[in-house]
Amino acid sequence: MSERKHIDVVAGAILRDGKVFGACRSYGAYTGTWEFAGGKVEPGESDEEALIREIREELDVEIAVERLLGTVDHDYPEYHMNMRLYICRHIAGEPQLSVHSEGRWFGRSDLYTVPWFAADMGLIHRLEADLC
């Protein structure tokens, strides 16, 4: 039996005007599931460097990484994921979707109106304090 694949990722809870940006996955087994933008940390990159690079690639916006909100380990059928979710401030640009089918700014009142990845749910509860 082969060892389960391990993925190390960072994601950004990008805040602007009391709302957080979420994006809907447009491909693969999890099409239609919402997530925070981000991705894999490349060898030699810090979490902050990886997050800034991934957000530029996925959304074409500039962010400032402020603090670690939390870390989650989650087992999906295909792999084990370790994700670190950072609170980020939106600096410039309007999100341009390149790998997602939809994107939206969520306030506290509508945060739970879409299906989020299971790994994100525990951290979303922590995020509520930062939203209007």
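None of these values were measured; they are calculated from a predicted model. Counting restarts for each chain: residues are numbered from 1 in the order of the written sequence. Given that this is a predicted model, residues contribute local features only at a pLDDT of at least 70 and side-chain atom pairs are listed and counted only at 80 or more, while totals for whole chains, interfaces and linings are drawn from all residues. Excluding hydrogens and water, the side-chain values take into account all heavy atoms of the structure.

**Q** Break down the nonpolar core for me, citing the residues and quoting the values.
**A** In these notes, a set of buried Ala, Val, Leu, Ile, Met, Phe, Trp, Tyr and Cys residues joined through side-chain atoms within 4.5 Å is what counts as a nonpolar core. Burial here depends on accessible area, computed with a 1.4 Å probe over protein chains only, as a share of the maximum for the residue type. Under 20% is buried, over 50% is exposed, and the range in between is partly exposed. In this structure, V20, F36, M83, L85, W116 and L127 are the most contacted members of the largest nonpolar core, which totals 28 residues. Listing elements by their share of this core, those giving two or more residues are β1 (5–16), β2 (19–25), β5 (62–75), β6 (79–92) and α2 (118–127). Sequence-distant contacts of L127, that is, excluding residues within four places in its chain, are made with A13, L15, V20, F36, L69 and I87. Among the nonpolar cores identified, the runner-up in size contains 16 residues, and A23, L59, V61 and C88 belong to it. Each helix corresponds to a stretch of at least 4 residues labelled H or I by DSSP, and each strand to a stretch of at least 2 residues labelled E; elements are numbered beginning at the N terminus. Residues are treated as being in contact if the distance between any of their heavy atoms lies within 4.5 Å.

**Q** I'd like to hear about the pattern of salt bridges, residue by residue, with values.
**A** Whenever a carboxyl oxygen of Asp or Glu lies within 4 Å of a side-chain nitrogen of Lys or Arg, that contact is scored as a salt bridge. Summed over the entire model, instances satisfying the criterion amount to 11 salt bridges. Between R84 and D8 there is a salt bridge whose closest N-O contact spans 2.6 Å. Of this pair, R84 sits in strand β6 while D8 is found in strand β1, placing the two residues 76 residues apart along the sequence. By relative accessible area, R84 is classed as buried at 12%. The partner of E35 in a salt bridge is R25, with the nearest N and O atoms 2.9 Å apart. Here the residue E35 occupies a position in strand β3 (residues 34–35), and R25 occupies one in strand β2, the gap between them amounting to 10 residues. By relative accessible area, E35 is classed as buried at 12%. Residue classification places R25 among the buried residues on the basis of a relative accessible area of 15%. Linked by salt bridges that have partners in common, E45, R53, E54 and E57 make up one network.

**Q** I'd like a description of the pairing of β6, backed by residues and values.
**A** The element β6 is largely enclosed, with a buried count of 11 among its 14 residues. Pairing between strands is defined by DSSP: at least two bridges between the two strands are required. Sheet topology places β5 next to β6; 12 bridges connect them, and they run antiparallel. Note that in β6 the partner of I63 across the bridge is H90. Where β5 folds back onto β6 in an antiparallel hairpin, the turn is made up of 3 residues.

Nothing here speaks to function; it is geometry throughout.
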